[in-house]
Amino acid sequence: MKTRLIIFCTFVLLGILLAVPIGAQDSPTEPPPEESGLDPVTTPAPLPTREPRPAVFAVTNDDRAGLQTFFIGTVPQGETRLLRVVGNDIESVRASWLNEEIAFWPAEDNNFYGLLAAAMEAPTGSTPLSVVVTYTDSTQSILATTLDIVNGAFIVQNVNIPATKGYLLDASVERSELARLESVVHQFTLERMWDADGFQLPILNALTSPFGAFRVFNGTLSTRHTGADIRTTLGIPVQAMAGGRVAYTGLLPIRGNYVLIDHGYGVYSGYAHCTEVLVDYGDLVERGQIVCMSGDTGRTQGPHFHWETAVNGVWVNPVQLLQMWMP
Ligand SMILES: [Zn+2]
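Residues numbered from 1 in each chain as written. Predicted model: local features only at pLDDT ≥ 70, side-chain atom pairs only at ≥ 80, totals over all residues.

In this section: the sheet that holds strand S6 (residues 100–103). What the five strands build is an open sheet, ordered S3-S10-S9-S5-S6; its pairing is mixed. Looking at which strands have only one partner, the edges of the open sheet turn out to be strand S3 (74–76) and S6. Strand after strand, the sheet turns through a mean of 30 degrees between neighbouring axes, direction not considered. Sheet analysis places S3 next to strand S10 (residues 140–150), joined by three bridges and oriented parallel. Residue Val-75 lies in a different strand from S10, and its bridge partner there is Ile-149. (Pairing = 2+ DSSP bridges. Helix = DSSP H or I, 4+ residues; strand = E, 2+ residues; numbered from the N terminus. Axes fitted to C-alpha atoms, helices over the stretch in contact; angles between N-to-C directions.)

In structure tokens, the structure reads:
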């Protein structure tokens, strides 16, 4: 009798285990395209990952310091590039490019690294870069070169939002929201808060709408896409792309419930259209920490997640920034 009961219980338990698909509680069900936000891609591209450390190229030098790049030649509009200064007895390094003042951070290899960011609307063509190296004895040297900004090859998208959100098609609403955020992302914190693992996707799902797109809303308002969209449903956890400090939270007309994180040295990331925000202004967050839950607040045509990044005060392609090797 006892043996029969044990066999019966084993079969019941096995039945329950087989009926629950593995990972069903963790992975969101794939939403139908019409619910997934803006212009969903039909064949999702592989999720972006961080590239290995690239080769370094000498650009210019004097007898005390050298300027190096991790790329050759050109910077497309909306992209970020890494610079390195090598030398002995360096106290600090600053650069000036496209009206941006860039502070370099010291790394474990005794070199200094800095980020260049080309705005999506930056004029194409040759642009002077001036790097000021200050030594421990207070003397300075200037390393000067030019870099070419090239066309970012952005796409055009038509977006229709519901008539109930028609009041968000006022260009002045867009301008004042951007001005508010840009006053924050222009602040430069001399503290590197990301770690050696670099940046991660806030939601592990397909990218549906690219950075920089020229967008026409309901056939009238023309804007630019300041970030990239990720497919999601309501209430999916949104993770900080790296460590940092919460620089802004609040309900914005276009971005809805929004979180903005300062990662230091001019790098910021923003998380938009959330249902619920789980952090407060001033909080320190770790890479992967849940900062909000995805939603459809603000100017949306359905649930989707808008992820944006700024470097040195300008919006840059978050996917390209994630892929970049960073010390
Ligand atoms: Zn978006």
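On to the sheet that holds strand S20 (residues 276–277). Through backbone hydrogen bonds, the strands of a sheet pair up, either in parallel or in antiparallel fashion. As summarised here, the arrangement of the three strands in space is S16-S22-S20, forming an open sheet in which the pairing is antiparallel. The open sheet has two free edges, formed respectively by strand S16 (237–239) and S20, since each of these has just one partner strand. Across three bridges, the pairing between S16 and strand S22 (residues 290–293) is antiparallel. From the neighbouring strand, Pro-237 faces S22, where its bridge partner is Met-293.

Let us now look at the environment of Ala-65. Secondary-structure assignment places Ala-65 in strand S2 (residues 65–69). Taking the number of C-beta atoms within 10 Å as the measure of exposure, Ala-65 has 22 and is therefore buried. Sequence-wise, Ala-65 and Val-86 are 21 residues apart; in three dimensions their C-alpha atoms are separated by 5.6 Å. Excluding its chain neighbours within four sequence positions, the residues that come into contact with Ala-65 are Val-85, Val-86, Gly-87, Ile-90, Val-133, Ser-141 and Leu-143. (Buried ≥ 20, exposed ≤ 12 C-beta atoms within 10 Å, placed from the backbone. Contact = placed C-beta atoms within 7 Å.)

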